[in-house]
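Working through the structure, step by step
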Amino acid sequence: MSSSNIRVLYIDDEENNLTSFKATFRRQYEIYTANSASEGLKIIQSIDIPIIIADQKMPNITGVEFFKSISKTYPDAMRILLTGYTDIDALADAINHGDIYRYIQKPWSDLELHNAIKNAYDAYCGKIDLRNKVTELEKTNDELNRFIYSISHELRAPLVSVIGIVNLVKLENMYNSSGEYWSLIESCSNKLDYYIQKTLEYYKNNKSTEELTEIDFKNLIDQLVSVHAYTDIDTNFSVNVNQKVVFKGDYFRIEVILGNLISNAIKYQRIDEPSKKVVINVNVDEKLVDISINDNGIGILNEHLEKIFVQFFKSKVHHGSGLGLFIVKEALNKINGHISVSSDTDSGTTFTITIPNAN
Amino acid sequence: MQTRFKRVMLIDDNEIDLKINSKLISLTKLVDEIIICSSGDEALNFLNNQLENKKLIPTFILLDIQMPEMDGFEFLMHYKKLSKSITDNCTIAMLSSTLDFGDIKKAEANPHVIKLLKKPLTTNELLALLG
């Protein structure tokens, strides 16, 4: 936009001022004038005006009052106040509330006013640019999320068919018919499926808003344990839930959090441990739920403790995906929960989480 | 236990999954007959044709959610308008390869649907539903 296209509205009850303003600035800007606030408002309502200058002292309404009245409906317009006398209180108040951008003393100096308009216009453009950028970014983000979701879905559909075929092979007793090929196909497919499901969890955690439902922790944890422990019959689970009050929270996220922690407690057991065990303690009160998940597994090296919640962090020895605990942390962030961990390579790991009760 | 004739209808646009699931169901030996439909439309046509001759009405339907044109939930909208003589003796389980929380709620809210299952289907789940 060349500067002559910049629209400036000047409101003043003194016609002389309007005329001289027009004479001074008409070459540089597209000038609109009004001799009262109500006339000014009519112009604003019909044309998009980025810069509005108003006189403070007008018969029915002061400049500050006028700016206040339009600051909600036309928040983008840059408002400059002209004032002949120093009405400091009204001015200070208006500036503090962000109702005006600049004030210029009357009689104005052409240069000062010109600079004020120029700066106001720059600030206006910055504001608009920033908003456009934010909208653009939100759109890109949204598209990216939807892309991840549909890709994950499209990838999982045929993969699920592969896993289904492997199941049939097992049922028809052909699993061992080709050396270890079927079991290799199965373990690759399961690994890929795991990544896809984690990606979906991550997407859903980012996307969905918190939805509160009643949660029965005994029920939820029993379900999760049976889902995750079906591949592992050696681990002995001890689940103690003390829930006497109703707990309301985000079911999906809490399920994701506990599911990942329980699955880790099973996955990172010591192979040669004769009594593998996982102890889960839950205590619910009116304010929050306190959950600890303790295992006697391989533990976490001290120098790794700080990094375990970082996306794609994996230890060299035990190949995880680097997603599970990252998703746990992200999900907890969304529902104002906390997690802490204590671990050593002798006795195992304890994760402790707290989640506020929304009931 | 009552040994009622069991006829299962599979509705899925994915040919391979139809093959896998029908094989899996026949391996359980719990079912006498399997009807295969590759779209919701085809299934509705089939059901409507059974109005006179009630011989081939399914007792159980496995319905995929994600299908082009008519998805699982749209199929249910049409299904509930069918004659009670068809729907009264039939239960439905829905299938999906990705479980969306919204889908779970939507499926649970539907009186005809007894369960939403995540693919791949397992024998245990089938036994629980058909046994």
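This brings us to the nonpolar core. By size, the foremost hydrophobic cluster in this structure holds 37 residues, and its most contacted members are Phe-217, Leu-258 and Ile-280 of chain A. Per-element tally for this core: the top contributor is helix α8 (residues 251-267) of chain A, with seven residues. Not counting chain neighbours up to four residues away, the residues in contact with Phe-217 of chain A comprise Val-241, Gln-243, Phe-247, Ile-254, Leu-258, Val-282, Val-284, Val-289 and Ile-291 of chain A. Met-9, Ile-11, Ile-57 and Leu-76 of chain B belong to the second largest nonpolar core, which has 25 residues in total.

It is worth spelling out the packing of aromatic side chains at this point. Residue and element names in this part refer to chain A. Applying the stated criterion across every chain yields a total of twelve aromatic pairs over all chains. Aromatic pair Phe-25 and Tyr-29: ring centres 6.2 Å apart, planes at 40°, arrangement tilted. Phe-25 gets classed as buried once you look at its relative accessible area, which sits at 1%. Taking the relative accessible area as the measure of exposure, Tyr-29 reaches 4% and is therefore buried. Put simply, the rings of Tyr-10, Phe-21, Phe-25, Tyr-29 and Trp-108 pair up and form one aromatic cluster.

Our next topic: the domain arrangement of chain A. Considered domain by domain, chain A is made up of domain 1 (3-108) and domain 2 (208-356). For domain 1 of chain A versus domain 2 of chain A, the distance between C-alpha centres works out to 61 Å.

Let's shift gears to the environment of Leu-212 of chain A. Residue and element names in this part refer to chain A. Here Leu-212 is to be found in strand β6 (residues 212-214). Separated by 148 residues in sequence, Leu-212 and Val-64 have C-alpha atoms that sit 45 Å apart. If near-sequence neighbours (up to four positions away) are discounted, Leu-212 is found in contact with Gly-249, Asp-250 and Ala-358.

Every contact between the two is made by 19 residues of chain B and, on the other side, 19 residues of chain A. Taken together, the two surfaces of chain B and chain A that pack against each other cover about 1700 Å², and 62% of this comes from carbon and sulfur. Across the contact surface, chain B and chain A share two salt bridges. Taking the shortest distance from any N to any O, the salt bridge between Glu-172 of chain A and Lys-23 of chain B comes out at 3.8 Å. For the interface between chain B and chain A, the tally reads five residue pairs in polar contact (both at pLDDT 80 or more). Where the side of chain B that touches chain A is concerned, the elements lending two or more residues are α1 (15-28) and α5 (101-109) of chain B.

Glancing now at the environment of Arg-7 of chain B. Residue and element names in this part refer to chain B. Topologically, Arg-7 is positioned in strand β1 (residues 7-11). As a C-alpha pair, Arg-7 and Glu-33 span 26 residues in sequence and 4.7 Å in three-dimensional space. Once you skip the residues sitting within four places of it in the chain, Arg-7 turns out to touch Glu-33, Ile-35, Lys-55, Leu-56, Ile-57, Pro-58, Thr-59 and Phe-60.

So, how was this worked out
Residues numbered from 1 in each chain as written. Chains lettered and ligands numbered in written order. Predicted model: local features only at pLDDT ≥ 70, side-chain atom pairs only at ≥ 80, totals over all residues. Heavy atoms only, no water. Core = buried A, V, L, I, M, F, W, Y, C linked by side-chain atoms within 4.5 Å. Buried < 20%, exposed > 50% of the residue type's maximum accessible area, 1.4 Å probe, protein only. Helix = DSSP H or I, 4+ residues; strand = E, 2+ residues; numbered from the N terminus. Contact = heavy atoms within 4.5 Å. Phe/Tyr/Trp six-rings, centres within 6.5 Å; stacked < 30°, edge-to-face > 60°. Domains from an automatic or database assignment. Buried area = accessible area lost by both parts, 1.4 Å probe. Salt bridge = Lys/Arg side-chain N within 4 Å of Asp/Glu carboxyl O. Polar contact = N/O pair within 3.5 Å; in protein donor to acceptor, adjacent residues only side chain to side chain.

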